[in-house]
Amino acid sequence: RKARRRYMNLTIVIPALNEAALISAVVKAVAPFGHVIVVDDGSTDDTGLLAAKAGAEVVRNEGPHGYDAALACGYAKAAEIGCDLIATIDGDGQIGAEALSQAIEKKRDDSVEIVIGVRDHQARWSERLFSCYVRLRYAVPDILCGLKIFPIELYLADKSLAETESVNTALALAALRNGARVALSPVQVRAREDSSRFGSFLRANFKILRVF
């Protein structure tokens, strides 16, 4: 049954920083859908070890490089192993495997190039502002959602976007500008069990505004 649920040659990239409490469960939940790469972004706990024990391929950064740099490392590894599609999901357990499953079903339509998750709520006012602009321009209501599925060719076509401050968003926007067909997939966000790794309220909002 697990083999039938896999989609093409899908790699699931999960950036993680000090997520030892949750990473095993996250990896095991999404592993039936494809090859899992966890980018351990300089964790000081056992995130990488536990991810590997749960079945993930682990890429280790010696120091924290940031969420988007971790994603970029995962994309590079996915390209190296020769995947067809990349899915991204966070390591904090807020986006469940059921949301990934729904997004994969959307991508089974061959005319759909990218799938973008749409969360049931956005925690920060800066996210809502950014999303309002993208919704008006491209009819995509949650461009900052951590759940996305896209072909590896999107990354390979412009690797320079991996150096931007928000690589996932940059890749999605580049595709939208080029007229890519997008499917939206609902995401029910679970409550975090601890504090966000994204930084303080002010710092997080400032980062999002700078990216905007």
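For the structure itself, look to the data block above.
Residues numbered from 1 in each chain as written. Predicted model: local features only at pLDDT ≥ 70, side-chain atom pairs only at ≥ 80, totals over all residues. Heavy atoms only, no water.

**A look at the overall build of the chain**
Link 1 in the chain: Of the regular secondary structure elements, the chain holds nine helices and seven strands.
Link 2 in the chain: Relative to its 212 residues, the chain shows a buried fraction of 50%.
Link 3 in the chain: Within the chain, residue pairs in contact and separated by at least 24 positions form 74% of the contacts whose partners lie at least 6 positions apart. (Helix = DSSP H or I, 4+ residues; strand = E, 2+ residues; numbered from the N terminus. Buried < 20%, exposed > 50% of the residue type's maximum accessible area, 1.4 Å probe, protein only. Contact = heavy atoms within 4.5 Å.)

**Notes on the pairing of strand β5 (residues 114–119)**
Link 1 in the chain: Buried residues dominate β5, accounting for five of its six residues.
Link 2 in the chain: For β5 and strand β7 (residues 182–187), the ladder comprises six bridges, and the chain directions are parallel. When the sheet's bridge partners are listed, V118 is paired in β7 with P186.
Link 3 in the chain: Of the strand pairs in this sheet, β5 and strand β6 (residues 148–151) are connected by two bridges, and their pairing is antiparallel. In the sheet register, I116 faces β6, and the bridge partner there is K148. (Pairing = 2+ DSSP bridges.)

**Digging into the side chain of E127**
Link 1 in the chain: Looking at the secondary structure, you find E127 in helix α6 (residues 125–138).
Link 2 in the chain: Judged by relative accessible area, E127 falls into the buried class, the value being 3%.
Link 3 in the chain: Within the local environment of E127, its side chain forms a polar contact with the side chain of R119, the two groups lying 2.8 Å apart. (Polar contact = N/O pair within 3.5 Å; in protein donor to acceptor, adjacent residues only side chain to side chain.)

**Let's talk about the sheet that holds β6**
Link 1 in the chain: The strand order across the open sheet built from seven strands is β3-β2-β1-β4-β6-β5-β7, with neighbouring strands paired in mixed fashion. The two strands at the open ends of the sheet, each matched to only one other strand, are β3 (57–61) and β7. This sheet shows a mean twist of 20° between the axes of neighbouring strands, independent of strand direction.
Link 2 in the chain: In the packing of helix α2 (residues 23–30) onto the sheet, the strands contacted are β1 (10–16) and β2 (35–41), and the crossing angle to β1 comes to about 170°.
Link 3 in the chain: Relative to β6, helix α8 (residues 167–177) is tilted by about 60°, and along the sheet it contacts β4 (85–88), β5, β6 and β7. (Axes fitted to C-alpha atoms, helices over the stretch in contact; angles between N-to-C directions.)

**Comments concerning unusual backbone geometry**
Link 1 in the chain: Backbone geometry at N18 places phi at a positive 50°, although glycine is not the residue there.
Link 2 in the chain: As for its position among the elements, N18 is in the loop between β1 and α2.
Link 3 in the chain: The class of N18 is partly exposed, set by a relative accessible area of 23%.
Link 4 in the chain: Unlike most non-glycine residues, A139 shows phi in positive territory, near 65°.
Link 5 in the chain: Of note, A139 is situated in the loop between α6 and β6.
Link 6 in the chain: Its relative accessible area of 56% is what places A139 among the exposed residues.

**So, the environment of D46**
Link 1 in the chain: The topology assignment puts D46 in the loop between β2 and α3 (47–53).
Link 2 in the chain: Measuring from C-alpha to C-alpha, the distance between D46 and E19 comes to 8.1 Å, with 27 residues separating the pair along the chain.

**Things to note about the nonpolar core**
Link 1 in the chain: Counting residues in hydrophobic clusters, the biggest one holds 34 residues, and the most contacted among them are Y75, I86, I143 and F150.
Link 2 in the chain: Elements with a minimum of two residues in this core: β2, α4 (67–81), β5, α6, α7 (152–157) and α8.
Link 3 in the chain: Ranked by the residues each element gives to this core, the list is headed by α8, at eight residues.
Link 4 in the chain: Here I143 is in contact with I116, F130, S131, V134, K148, T169, A172, L173 and L176, once residues within four sequence places are set aside.
Link 5 in the chain: In this structure, I12, A51, I104 and C145 belong to the second largest nonpolar core, which totals 31 residues. (Core = buried A, V, L, I, M, F, W, Y, C linked by side-chain atoms within 4.5 Å.)

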